[in-house]
Amino acid sequence: MEADIVIVGSGFFGLTIAERCANELGLKVLIVEKRSHIGGNAYSEADPKTGIEVHKYGAHLFHTSNERVWEYVNRFTSFTPYVHKVYTNHRGVVYSMPINLGTINQFFGAAYGPEEARALIQEQAGELSGKDPENLNDKGISLIGRPLYEAFIKEYTGKQWQTDPKELPASIISRLPVRYNYDNRYFNDTYEGLPTEGYTAWINKMVEHPNIEILTDTDFFDESQPYSKAALVGKKPVIYTGPLDKYFDYSQGALSWRTIDFETEYPECGDYQGTSVMNYADAEIPFTRIIEPRHFHPERDYPTDKTIIMKEYSRFAEANDEPYYPINSDKDREALLEYRRLAEQEDGVLFGGRLGTYQYLDMHMAIGSALTAFDNKVAPHFRDGKPLNSAK
Ligand code: FAD
Ligand code: UDP
């Protein structure tokens, strides 16, 4: 097929652009994917021993408040009514997470109402109360007071980031709500659920179009294959969703990431922990959490005598590890500015997605930003000959 556009990477950003280009503009699209499957990090498959759907690159929960994204994703899949809830084990006692009135009352062995609890936390936040601190340590204390911070956040964050919370940005903790009622939903979004037939069925549906061709096991930087960077850039419009630093041969240094090691076990029972995610707040337990994927789909007929669990260990990513969470240190931010400048000058190439822009993006954000990039850049390029990349 003689493609009109080449998309590097088949995560949600690349898939959304591919689908729009084929359906909306009638273009011929070629997707080049390094892995042996499409879907990027949202990919899931049935575990061969139990048949339970496992998210290969870490648990993925879909949630959004963006009406346009919700309408768009419902074209390809329906969603189950799954509502995500998380619990955390601190010194052998299980509490609900994010911190809510239930957690507060259980922790202090009390029966506070919302106002009493607010007053107590404010007092415990001490000198940091009401301020808008810059780092995670101060932000955590100002939000929930020192005792709750030390029990549920400090050591967990230490395990997750292996960095002193005083050196981490406050924004990491701002993702976690604190509630003075008994609402223990993990997300605040209007819509949430899991794809009824699984992520892979959803992903396959997005590219079910005769104009979309996919080449898996194909690395954009491998010059021995015909769709490499060297062969394509400047000759064909390219949407690039691989790592930004790699595209420029690490000329400004490598951007730093965290990765996760998953340790899979098969406990001999039908239900190991009674819920999908159990966090472990204390430093003595080396993993951050245990995922039991069967609980993502209580409506399915999974075996009742076996289950699968994954323990998650977080660490700095080395060169060959999967990059999962951008670290965003000062050094990273400086390099990122340079890489963005280079990207803007790269004629005919549009950088997108979490790797291509070095940002943590939830699925709905990756899809939302792809829809916007399609409207503002890709469609004007093909309809009116406007440049594809952002500088001009
Ligand atoms: P990706 O999915 O990373 O896709 C990029 C693709 O490019 C990959 O398939 C990669 O193989 C390919 N590629 C890279 N380099 C090359 C190359 N040289 N040649 C060819 N192909 C290449 N989001 C949520 O909404 N809810 C969650 O619960 C959630 N949990 C997450 C848990 C973890 C551990 C992680 C890491 C992410 C989680 N996310 C979650 C975020 C979600 O994974 C992203 O939003 C989504 O992956 C973004 O899609 P993308 O297309 O930007 O990138
Ligand atoms: N966090 C924590 N204790 C918990 C859960 C989260 O301290 O039990 C902190 C931790 O710093 C983490 C951040 O809150 O990095 C954001 O949590 P989230 O669940 O969004 O992290 P993710 O699942 O994306 O790793």
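Residues numbered from 1 in each chain as written. Chains lettered and ligands numbered in written order. Predicted model: local features only at pLDDT ≥ 70, side-chain atom pairs only at ≥ 80, totals over all residues. Heavy atoms only, no water.

Draft legend 1. View of the site of ligand 2. Contacts to ligand 2 come from 15 residues, most closely from T157, Q160, Y186, N279 and R289. Within the contact set of ligand 2, an oxygen atom lies 2.9 Å away from a side-chain nitrogen or oxygen of R289. Those elements that place two or more of their residues in the shell around ligand 2 are α6 (146-161) and α7 (171-174). Class assignment for the residues of the shell around ligand 2 results in ten nonpolar, three polar and two charged. (Near = heavy atom within 4 Å. Polar contact = N/O pair within 3.5 Å; in protein donor to acceptor, adjacent residues only side chain to side chain. Helix = DSSP H or I, 4+ residues; strand = E, 2+ residues; numbered from the N terminus. Nonpolar A, V, L, I, M, F, W, Y, C, P; charged D, E, K, R; others polar.)

Draft legend 2. Just the environment of Q162, in detail. Following the sequence through the fold, Q162 ends up in the loop between α6 and α7. Judged by relative accessible area, which is 42%, Q162 ranks as partly exposed. In this structure, Q162 is in contact with T157, R258, S314, R315 and F316, ignoring residues within four places of it in sequence. (Buried < 20%, exposed > 50% of the residue type's maximum accessible area, 1.4 Å probe, protein only. Contact = heavy atoms within 4.5 Å.)

Draft legend 3. Broad picture of the UniProt feature "domain: UDP-galactopyranose mutase C-terminal" (unreviewed entry) in the protein chain. The UniProt record marks residues 151-360 with the feature "domain: UDP-galactopyranose mutase C-terminal" (unreviewed entry), using the residue numbering of this structure. For the annotated span residues 151-360, helix accounts for 24% and strand for 19% of the residues, and the straight-line distance between the end C-alpha atoms is 26 Å. (UniProt positions renumbered as here; feature names shortened; annotations may be inferred.)

Draft legend 4. Quick look at the sheet that holds strand β12 (residues 277-280). Taken together, the seven strands give an open sheet; going across it, the order is β7-β6-β12-β13-β14-β11-β15, and neighbouring strands pair in mixed fashion. The open sheet has two edge strands with one neighbour each: β7 (93-97) and β15 (325-326). Strands β6 (86-90) and β7 of the sheet are contacted by helix α3 (residues 101-108), whose axis makes an angle of about 155° with β7. (Pairing = 2+ DSSP bridges. Axes fitted to C-alpha atoms, helices over the stretch in contact; angles between N-to-C directions.)

Draft legend 5. The nonpolar core, seen in detail. Judged by nonpolar contacts, the single largest core of 76 residues is most densely connected at I17, F62 and W202. Among the elements that line this core, the one with the most residues is helix α13 (residues 363-384), at nine residues. Viewed by domain, this core spans two of them, domain 1 (5-82 + 192-250 + 328-384) and domain 2 (104-172), each represented by three or more residues. Residues L232, Y247, L255 and L336 belong to the second largest nonpolar core, which totals 24 residues. (Core = buried A, V, L, I, M, F, W, Y, C linked by side-chain atoms within 4.5 Å. Domains from an automatic or database assignment.)

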